[in-house]
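Inside the fold
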Amino acid sequence: MIRDQEILNQLTDTIARFVRERLIPLEDQVAEEDAIPDAVIQEMRELGLFGLTIPEAYGGLGLTLEEEMLVAMELGHTSPAFRSVIGTNNGIGSAAIVFDGTDEQKQRYLPKYATGELIGSFCLTEPDVGSDAASVKTSAAKEGDQYILNGTKRFITNAPRAGTFTVMARTNPGEKKAKGVSAFIVEADSPGISLGAKDKKMGHAGSHTCDVIFDNVKVPANALIGGEEGKGFYTSMKVLDRGRLHIAAVSVGVAERLLDDALRYAMERQQFGKPIAEHQLIQAMLADSKAECYAAKCMVLDAARKRDEGENISTEASCCKMFATEMVGRVADRAVQIHGGSGYIADYGVERFYRDVRLFRLYEGTTQIQQMVIAKNMVRDAS
Ligand code: COS
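Since this is a predicted model, take the numbers as computed values, not measurements.

Reading guide: rules and limits
- Residues numbered from 1 in each chain as written.
- Predicted model: local features only at pLDDT ≥ 70, side-chain atom pairs only at ≥ 80, totals over all residues.
- Heavy atoms only, no water.
- Core = buried A, V, L, I, M, F, W, Y, C linked by side-chain atoms within 4.5 Å.
- Buried < 20%, exposed > 50% of the residue type's maximum accessible area, 1.4 Å probe, protein only.
- Helix = DSSP H or I, 4+ residues; strand = E, 2+ residues; numbered from the N terminus.
- Domains from an automatic or database assignment.
- Contact = heavy atoms within 4.5 Å.
- Patch = residues over 30% accessible without salt bridge, like charges linked within 9 Å, V, L, I, M, F, W, Y side chains within 5 Å.
- Areas by Shrake-Rupley, 256 points an atom, 1.4 Å probe, with all protein chains shown as cover.
- Salt bridge = Lys/Arg side-chain N within 4 Å of Asp/Glu carboxyl O.
- Buried area = accessible area lost by both parts, 1.4 Å probe.
- Polar contact = N/O pair within 3.5 Å; in protein donor to acceptor, adjacent residues only side chain to side chain.

Side note on the nonpolar core
Nonpolar side chains in soluble globular proteins tend to end up buried together. Judged by nonpolar contacts, the single largest core of 47 residues is most densely connected at L149, F165, F184, V186, F214 and V219. Where this core is concerned, the elements lending two or more residues are α6 (95-100), α7 (103-115), β1 (120-123), β3 (146-157), β4 (164-170), β5 (181-187), β7 (209-220) and α8 (232-268). When residues of this core are assigned to domains, at least three map to each of domain 1 (5-115) and domain 2 (120-230). Dropping the residues within four chain positions of it, F184 is found in contact with A140, Y147, F165, T166, V167, A169, T171, V219, A223, L224 and I225. Counting residues in hydrophobic clusters, the runner-up holds 44 residues, among them M69, L258, V300 and V331.

Given below as structure tokens:
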């Protein structure tokens, strides 16, 4: 749903200009230094980028899902590390509170996420708990009017900058699966929290992940999201439904960028006496990429519109995540191929995107998990 096309156009135009004039020129520097300049983060705050999805009542822009998808596609036109900085506040780092938080939790945290004063991170994955997310081992034992958290969370995006963690922990040790898990909002300066070393990754330089270790961390009872035990896994699945669609939209944006770069190169590069864009085997790669990117874009916008109308889009979100992230993998591979030997050389930036997009098929649920979700829902709906 688009509430006001003109206002949305102003927002997407502003973001497109910011991406083109400010972020793209910094891509090499960010990759080299593995850091996003503080000045850029401050500009993101001023543009309201940390609060895109936070409801207007709490100081955000309250974008509908369709609007968010169009913004995510614009942000996809540059290195994914830039989007990662604002990604958790607009997605997995705030959504549990937006969807299921108490009024008090919303008042306390959402305005600060919206301004970017506070960075939110999402702690689900653990060393032994990846795809089988319902079996989290981190424990939250109730003692009087507080909970004591113990456990380690792994690959936590933005943890080194985080002010809060949404932590999925087991409140009922007798219940080994989903129903035993609760979600907590934990402030990063709570005694007993420590961070592991920054992970060395294949790509996404400038965006940091690390372990978050909880050692007898005491949190007040009102840190329980929604105030009810046993709801944490369900909350995290709702958070991921939305997050998966967002990753699909970013994948479309990155594919558009790669295709622009590949097309421009193919039109300039001459071989056998003419631009390689006039050779049919290059044209096939351009055309396949264009069609697949267009298909992913249509899927993402259709799923977003359905959710804006109140439909459950768990199946569609997984379809979009699976198709769009696999699509951008193929497009990145073809972009390298079209660039030939130059595609393998860092100066052109294509190899960096090739490494960056590999993550999209892994995080917020691997392609195989999306296949499981889709097929499981199909069987359930047909039963
Ligand atoms: N929305 C709301 N509820 C959901 C849901 C959704 N999208 N998906 C599942 N549920 C509910 C189910 O209805 C079920 O409810 P009941 O307990 O009332 O029966 C419960 O959650 C458990 O669901 P299910 O039986 O399907 O759970 P499984 O343990 O089989 O696993 C998957 C579900 C595999 C989908 C889940 O563990 C998953 O998404 N794994 C990947 C985790 C991931 O993406 N990690 C990335 C790191 S976070 S950045």
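Further notes follow.
Concerning a nonpolar patch on the surface
A contiguous nonpolar surface patch, about 380 Å² in accessible area, is contributed by Y344, I345 and Y348. Here Y344 is to be found in the loop between α10 (314-339) and α11 (350-356). Y344 sits in the exposed class, given a relative accessible area of 70%.

Details of the pattern of salt bridges
The full count for this structure, using the stated rule, is 24 salt bridges. Taking the shortest distance from any N to any O, the salt bridge between E43 and R22 comes out at 2.8 Å. In this pair, E43 sits in helix α3 (residues 38-46) while R22 sits in helix α1 (residues 5-23), placing the two residues 21 residues apart along the sequence. Since its relative accessible area comes to 23%, E43 is described here as partly exposed. Overall, the relative accessible area of 29% leaves R22 in the partly exposed class. Sharing partners across several salt bridges, the network here consists of E27, D28, R257, D261, R264 and R352.

Brief notes about the domain arrangement of the chain
Under the domain assignment, the chain is made up of domain 1 (5-115), domain 2 (120-230) and domain 3 (234-382). A separation of 23 Å is found between the C-alpha centroids of domain 1 and domain 2. Taken together, the contacts link 24 residues of domain 1 with 21 residues of domain 2. Roughly 1800 Å² is buried in total at the junction of domain 1 and domain 2, and carbon and sulfur atoms are behind 52% of that figure. Applying the counting criterion to the domain 1 and domain 2 interface returns one salt bridge. In this structure, E187 and R108 form a salt bridge, with 2.9 Å as the shortest nitrogen-oxygen distance. Summed over the shared surface of domain 1 and domain 2, the number is 15 residue pairs in polar contact (both at pLDDT 80 or more).

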